[in-house]
Structure formats: structure tokens, C-alpha cells
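Structure assessment
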Amino acid sequence: MSDTILKCTTRHVRIFTAVVENDDLILDNDNLTLDIDPDNEFLWDDDSIRKVQDYFRELVDSQEGNELSDYSLRKIGSLLEDFIRKLLKEGELSYNPNSRVINYSMGLPRTQELL
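What you see is a predicted model, and the numbers here were worked out from it, not measured in a lab.

Thresholds applied
- Residues numbered from 1 in each chain as written.
- Predicted model: local features only at pLDDT ≥ 70, side-chain atom pairs only at ≥ 80, totals over all residues.
- Heavy atoms only, no water.
- Helix = DSSP H or I, 4+ residues; strand = E, 2+ residues; numbered from the N terminus.
- Buried < 20%, exposed > 50% of the residue type's maximum accessible area, 1.4 Å probe, protein only.
- Contact = heavy atoms within 4.5 Å.
- Lys, Arg positive; Asp, Glu negative; His and termini not counted.
- Charge placed at Lys NZ, Arg CZ, Asp CG, Glu CD.
- Pairing = 2+ DSSP bridges.
- Axes fitted to C-alpha atoms, helices over the stretch in contact; angles between N-to-C directions.
- 1 Å grid on protein atoms, 1.4 Å probe; cavity = no way out; pocket = protein on both sides within 12 Å on 5 of 7 lines; lining within 4 Å.
- Points joined across faces, edges and corners; volume = space filled by probe spheres on them.
- Nonpolar A, V, L, I, M, F, W, Y, C, P; charged D, E, K, R; others polar.
- Phe/Tyr/Trp six-rings, centres within 6.5 Å; stacked < 30°, edge-to-face > 60°.

What follows covers the overall build of the protein. Per the secondary structure count, the protein includes 2 helices and 7 strands. Starting at the N terminus and ending at the C terminus, the protein contains elements arranged as β-β-β-β-β-β-α-α-β. Across its three principal directions, the C-alpha atoms of the protein cover 50 × 30 × 25 Å. Residue burial in the protein is summarised as follows: out of 115 residues, 30% are buried. Taking the contacts inside the protein whose residues are at least 6 apart along the sequence as the reference set, 54% of them involve residues at least 24 apart. Charge-centre separation for the protein: the mean point of 13 positive side chains lies 8 Å from the mean point of 24 negative side chains.

Below you can see the structure in the form of C-alpha cells.
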């Protein structure tokens, strides 16, 4: 295994082979840490966060027995991005109007005027 932290960084998902201790990432090849929406682009409720976390666990479990690599982390990150987009399109998430940058990175908001 690697002596450096493997990571996947997408717009809304960050995954690290590390644990968080005292606000620092500490290399831990036996654990993955998931950071969802680090820029607070969306408004989340507990159910939406749980769905993303559950899907993350499902994706990680499906990789059991395979070597963990940058590629496998990127694949998981990309699938999580798609899942977040699905939650947004289904109305389970909405854009945060107080986000520091509103760029509608997952598509325009679904409003009656745009349907």
C-alpha cells in the first residue's frame, strides 16, 4: 500500500485514505474519509446526506478484495457526483443561495418556469 494519502477530489466530493484527527488528515490505508460538498453549494438534510453516505459504503464494499488505487477512488468519486446530480434533479437537494459562488455546476435549478 502507499505511504502517501490517496485521494479523489471532484467538485462536490473528496475522498481520502485517511482519518481526521484534530482537524488534520492522518494517513490510514485501512479507512476512507468522505467529505461531501466542501463548498456548501447545496442545502442538505439528514436524509440526503445519509443516502450519499450509504451509496458511498455500497461502492466501497463493491471494491472489496481489489487494490485501492487513484483510479478506483476516482471511479467512486465520479459515481457519487452522478448520484448527487440525481438527488438534485429529483428535488431532494437544492442549491444553497448563500453559497459563496453560485454557478449551477450540476445544471439549472428545477423551477416551474424552467419545466
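Another aspect to go through is the sheet that holds strand S1 (residues 7-9). Read across the sheet, 3 strands follow the order S1-S2-S5 without closing on themselves; strand pairing throughout is antiparallel. Among the strands making up the open sheet, the edge pair consists of S1 and strand S5 (33-36). Between one strand axis and the next, the sheet turns through 10° on average, direction left out of account. As defined by bridge partners, S1 adjoins strand S2 (residues 13-16) across 3 bridges and the pair is classed as antiparallel.

Attention now moves to the side chain of Ser72. Structurally, Ser72 can be placed in helix H2 (residues 70-89). Other than its neighbours up to four places away in sequence, Ser72 contacts Gln63 and Glu67.

With that settled, consider the side chain of Glu41. Mapping Glu41 onto the fold places it in the loop between S5 and strand S6 (42-43). We classify Glu41 as buried; its relative accessible area is 2%. Other than its neighbours up to four places away in sequence, Glu41 contacts Arg11, His12, Ser94, Tyr95, Asn96, Ser99, Asn103, Tyr104 and Ser105.

Estimates place the volume of the largest pocket at around 260 Å³. Looking at the lining of the largest pocket, the elements with two or more residues in it are helix H1 (46-62) and H2. Counted by class, the lining of the largest pocket contains 6 nonpolar, 6 polar and 4 charged residues.

Moving on to the packing of aromatic side chains. Tallied over the entire structure, the rule returns 4 aromatic pairs. Relative to Phe83, the ring of Tyr55 lies with its centre 4.7 Å away and its plane at 25°, an arrangement referred to as stacked. Linking Tyr55 in helix H1 with Phe83 in helix H2, this pair joins segments that are 28 residues apart in sequence. According to the relative accessible area criterion, Phe83 is buried, its value standing at 15%. Through a chain of ring-to-ring contacts, three or more aromatic side chains come together here, namely Phe42, Trp44, Tyr95 and Tyr104.

Limitation: the analysis is restricted to geometry and does not speak to function.
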